[in-house]
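Geometric and topological summary
Chain residues, written in single-letter form:
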Amino acid sequence: MKHSPELTEDRETDEAVARRFVAARRAARALPAYPGPLPATLEAAYARQDAAIALWGEAVVGWKVGRIPDAWQARMGEDRLMGPIFASRLQEVEAGDELTFPVIPGGFAAVEAEYIFRLAEDAPIDRTDHDPSSASALVGSLHIGVEFAGSPLATINELGPAVVVSDFGNNAGVYVGRQINDWRDRPWSRLVCRTWIDGREVGRGGALSLPGGPLAALAFALNRGARRRRPLKAGMVVSTGAATGIHDIRPGQRALVGFDGIGDLAGRAYALRPLEETP
């Protein structure tokens, strides 16, 4: 079966944009502008994300979920977005561990306080109507954590949610911390957190900072994953959204994320070099 020229051109564009993003990430090289025509829809953006996942060639062990700003939701038709977490970018963090945030010089970099689920069961491959209750039934544990948002493109957030989706959801790593053992019995309102950069408080919030809370974000990931034919699996993690906001960080700066009554996560940013050499 032959594809129309329009479909062929779109597929070639998706792959070309994905190649440029992946090459820039591997080379730790900033992009001066979006490397192609901007994606007009979320479907186009996810097609580019899928192409980039294939090029990256690494197991996807979870998904980050981010909120689409109110001003974009009518145009995009959704209130959240997702991006892959790769095996090498997922770190289990013990108390006292130093986190490291690899910044592409000239690109985008930020830290986000997150509540992170780990699934105990596979999601049904074709179910697209999960709600917070059905999503909760698949959860094995809930953890405190940090998402390191990062991209070769400094203007990624300014260009809108479709652009964010197209470059791995603006994700460069997820750090999974201490388990919250009593989360099913604790009111979401009691899960609060704050973020500091170089000792200055830059944000405060908690599990209810985003509409519907963490389980709404998980339900979205389950539904979107099924629609993309990427159903979530047991053992995967889902990072549910920036609980205190998105906080820019530069090489040499330190971040501290404190989860009241549970624990702290702290680390520093450094300038990433090609082949991810450790400073």
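These figures come from a predicted structure and were not determined experimentally.

A few words now on the overall build of the protein. Along its length, the protein carries 6 helices and 13 strands. Summarising its shape, the C-alpha atoms of the protein cover approximately 60 × 45 × 35 Å along the three principal directions. Classification of the 279 residues of the protein by burial places 54% in the buried group. Of the contacts formed within the protein by residues at least 6 apart in sequence, a portion of 77% connects residues at least 24 apart. Accessible surface computed for the protein: about 12,400 Å², of which carbon and sulfur atoms make up 51%. Taken together, the 32 basic and 35 acidic charged side chains of the protein have centroids lying 2 Å from each other.

For the rest of this paragraph, the subject is the packing of helix α2 (residues 42-56) against helix α6 (residues 213-227). Two elements in contact, α2 and α6, have axes whose closest approach is 12 Å; the angle formed by their N-to-C orientations is 75°. In terms of axis orientation, α2 runs roughly perpendicular to α6. Contacts from L42, E43 and Y46 of α2 reach α6 at F220, R224 and R227. A class-by-class count of the residues in the contact of α2 with α6 yields 3 nonpolar, no polar and 3 charged.

To continue, consider the nonpolar core. Residues F101, Y115, F148, L218, L232, I249 and F259 are the most contacted members of the largest nonpolar core, which totals 76 residues. Per-element tally for this core: the top contributor is strand β5 (residues 108-119), with 8 residues. The residues touching F148, leaving out its near neighbours within four places in the chain, are F101, P102, V103, A109, A110, V111, N171, A172, G173, Y175 and I249. Membership of the second largest hydrophobic core comes to 6 residues, among which are I85, I116, V174 and V176.

A word on unusual backbone geometry. One non-glycine residue, A28, lies in the positive phi region at around 55°. For A28, a relative accessible area of 12% puts it in the buried group. Phi angles above zero are rare outside glycine, and N170 is one such case at about 60°. Locating N170 in the fold gives a position in the loop between α5 (161-166) and β7 (171-179). With relative accessibility at 3%, the residue N170 sits in the buried group.

Here we have 5 strands laid out as an open sheet, ordered β4-β13-β12-β8-β9, and mixed in their pairing. The two strands at the open ends of the sheet, each matched to only one other strand, are β4 (98-103) and β9 (200-206). Averaged over all neighbouring strand pairs, the angle between strand axes comes to 20°, with direction disregarded. Both β4 and strand β13 (residues 263-271) contribute to a ladder of 6 bridges, which runs parallel. Among the inter-strand pairings, E98 is bridged to a residue of β13, identified as A266.

All right, on to the confidence of the model for the protein then. On average, residues of the protein carry a pLDDT of 94, and 95% of them reach 70 or more. Scored below 50 in pLDDT, residues 1-8 shows 2 contacts in the model against residues more than four places distant or in partner chains.

Turning our eyes to something else, we now look at the pairing of strand β2 (residues 80-86). The buried fraction of β2 is high, at 7 of 7 residues. Here strand β1 (residues 60-67) runs beside β2; their pairing, made up of 7 bridges, is antiparallel. Bridge pairing in β2 links K64 to G83.

In the structure shown here, the tally under the stated rule is 17 salt bridges. One salt bridge in this structure joins R67 and D70, with 2.4 Å as the shortest N-O distance. It is possible to trace a salt-bridge network through shared partners that takes in E43, E78, R224 and R227.

Right, let's get into the side chain of H143. Positionally, H143 belongs in strand β6 (residues 139-151). Residue classification places H143 among the buried positions, given a relative accessible area of 7%. Of note is the side chain of H143, whose polar atom sits 2.8 Å from the side chain of S141. Within the local environment of H143, its side chain forms a polar contact with the backbone oxygen of G177, the two atoms lying 3.0 Å apart. Apart from residues no more than four positions distant in its own chain, H143 is found in contact with E114, Y115, I116, R118, V176, G177, R178, Q179 and I180.

The rules behind each value
Residues numbered from 1 in each chain as written. Predicted model: local features only at pLDDT ≥ 70, side-chain atom pairs only at ≥ 80, totals over all residues. Heavy atoms only, no water. Helix = DSSP H or I, 4+ residues; strand = E, 2+ residues; numbered from the N terminus. Buried < 20%, exposed > 50% of the residue type's maximum accessible area, 1.4 Å probe, protein only. Contact = heavy atoms within 4.5 Å. Areas by Shrake-Rupley, 256 points an atom, 1.4 Å probe, with all protein chains shown as cover. Lys, Arg positive; Asp, Glu negative; His and termini not counted. Charge placed at Lys NZ, Arg CZ, Asp CG, Glu CD. Axes fitted to C-alpha atoms, helices over the stretch in contact; angles between N-to-C directions. Parallel < 35°, antiparallel > 145°, perpendicular 65-115°, else oblique. Nonpolar A, V, L, I, M, F, W, Y, C, P; charged D, E, K, R; others polar. Core = buried A, V, L, I, M, F, W, Y, C linked by side-chain atoms within 4.5 Å. Pairing = 2+ DSSP bridges. pLDDT = per-residue confidence, 0-100. Salt bridge = Lys/Arg side-chain N within 4 Å of Asp/Glu carboxyl O. Polar contact = N/O pair within 3.5 Å; in protein donor to acceptor, adjacent residues only side chain to side chain.

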